[in-house]
Amino acid sequence: MNSVFLGLGSNMGNREEMLERALQAINRLEGTSVVKVSSVLETKAEGFDGNDFLNLCCEIRTELQPRALLSALKGIEREMGRECTGPKFDENGRRIYSNRPIDIDILVYSDLTINEEDLQIPHPRMLERDFVMIPLNEIRNN
């Protein structure tokens, strides 16, 4: 079993319900169980003018390999109403962010380092984001 930390966020609809539904769906993945969940943190949208987010981190144990886990998480996002069209960029090459019912990111997967176009582990921007590091540190230190 691999220890994996995920970051979840929602800023559309009933945000609390979206986070709970996502956790339940993750827990139902084959060979996967949610073992720790952080407190929920409310934050302003970063990088765009949008609704406030509710964020949390969770630790899971999974038999899924990184690419299979990514695919399963993207499937959960789609099932929950997220339009997964891939990242969009402005004319200056900056990523364009938008409101979303659910966002699930793989932050850390055991001690693996992966640097592919659509899969970076550890998550490349997590250290810059308090909305990730505060709940992540909460569950890593307990």
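Residues numbered from 1 in each chain as written. Predicted model: local features only at pLDDT ≥ 70, side-chain atom pairs only at ≥ 80, totals over all residues. Heavy atoms only, no water.

### So, the nonpolar core
For soluble globular proteins, the rule of thumb is that nonpolar side chains tend to be buried together.
Item 1. By size, the foremost hydrophobic cluster in this structure holds 26 residues, and its most contacted members are Leu6, Leu8, Leu73, Ile104 and Ile106.
Item 2. Those elements that place two or more of their residues in this core are strand E1 (2–10), helix H1 (15–27), strand E4 (53–62), helix H2 (66–79), strand E7 (103–109) and strand E9 (119–121).
Item 3. A total of 6 residues in this core trace back to one element, the largest contributor, which is H1.
Item 4. Excluding its chain neighbours within four sequence positions, the residues that come into contact with Leu73 are Leu6, Ile26, Leu29, Ile104 and Ile106.
Item 5. In this structure, Phe5, Cys57, Leu136 and Ile139 belong to the second largest nonpolar core, which totals 10 residues. (Core = buried A, V, L, I, M, F, W, Y, C linked by side-chain atoms within 4.5 Å. Buried < 20%, exposed > 50% of the residue type's maximum accessible area, 1.4 Å probe, protein only. Helix = DSSP H or I, 4+ residues; strand = E, 2+ residues; numbered from the N terminus. Contact = heavy atoms within 4.5 Å.)

### Concerning the pattern of salt bridges
Item 1. If you walk through the whole model with that rule in mind, you get 7 salt bridges.
Item 2. The partner of Arg67 in a salt bridge is Glu116, and the shortest N-O contact between them spans 2.4 Å. With a gap of 49 residues between them, Arg67 in helix H2 and Glu116 in strand E8 (residues 114–116) connect regions that are remote in the sequence.
Item 3. Judged by its relative accessible area of 37%, Arg67 is partly exposed.
Item 4. Owing to a relative accessible area of 41%, Glu116 belongs among the partly exposed residues under this scheme.
Item 5. Across the pair Arg100 and Asp103 runs a salt bridge whose closest N-O atoms are separated by 3.7 Å. (Salt bridge = Lys/Arg side-chain N within 4 Å of Asp/Glu carboxyl O.)

### Regarding the environment of Ser3
Item 1. Following the sequence through the fold, Ser3 ends up in strand E1.
Item 2. Of the residues examined, Ser3 reaches a relative accessible area of 21% and is grouped as partly exposed.
Item 3. With 68 residues separating them in the primary sequence, Ser3 and Ser71 have C-alpha atoms 17 Å apart.
Item 4. With near-sequence residues (within four places) excluded, Ser3 lies in contact with Glu59, Ile60, Arg61, Val108, Tyr109 and Ser110.
Item 5. A polar atom in the side chain of Ser3 sits 2.8 Å from the side chain of Glu59.
Item 6. Only 3.2 Å separates the side chain of Ser3 from the side chain of Arg61, close enough to count as a polar contact. (Polar contact = N/O pair within 3.5 Å; in protein donor to acceptor, adjacent residues only side chain to side chain.)

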